[in-house]
Amino acid sequence: MKREEIKYGKAVSGCFDRENHPMDGEETAHAIHQIRDAFTGFAEENGLESEEDVVAMVKEMRSEKN
């Protein structure tokens, strides 16, 4: 499964594939590992050193969206 195929439901009860079918526990664990690996290095690359930095980044992104 490719990272682009992962979708999320509103609840944090599991993962769903591109066709919105629930994924079993092994598939969900694999998807979580893919997500974690995709974000490896993101904080360093974007100068995020604390939770406050993340909050500021999210606020900035939201303000740019509007």
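Structural notes, computed from the coordinates. Predicted model only: the values in this text are computed from it and were never measured.

### A few points about the overall build of the protein chain
Helices and strands together make up the secondary structure of the protein chain, namely 3 helices and 2 strands. Scored against the burial criterion, the 66 residues of the protein chain give a buried share of 14%. A sequence separation of at least 24 residues applies to 24% of the contacts in the protein chain between residues at least 6 apart. Total accessible area on the protein chain stands at roughly 5,800 Å², and carbon and sulfur atoms take up 52% of it.

### Focus on the packing of aromatic side chains
Taken as a whole, this structure holds 1 aromatic pair when the rule is applied. Judged by centre distance (6.0 Å) and plane angle (75 degrees), the ring pair of phenylalanine 39 and phenylalanine 42 falls under edge-to-face. Owing to a relative accessible area of 53%, phenylalanine 39 belongs among the exposed residues under this scheme.

### Topic: the pattern of salt bridges
In total, this model carries 1 salt bridge according to the counting rule given. When the shortest N-O distance is used, the salt bridge between arginine 36 and aspartate 37 registers 3.3 Å.

What counts, and at which threshold
Residues numbered from 1 in each chain as written. Predicted model: local features only at pLDDT ≥ 70, side-chain atom pairs only at ≥ 80, totals over all residues. Heavy atoms only, no water. Helix = DSSP H or I, 4+ residues; strand = E, 2+ residues; numbered from the N terminus. Buried < 20%, exposed > 50% of the residue type's maximum accessible area, 1.4 Å probe, protein only. Contact = heavy atoms within 4.5 Å. Areas by Shrake-Rupley, 256 points an atom, 1.4 Å probe, with all protein chains shown as cover. Phe/Tyr/Trp six-rings, centres within 6.5 Å; stacked < 30°, edge-to-face > 60°. Salt bridge = Lys/Arg side-chain N within 4 Å of Asp/Glu carboxyl O.

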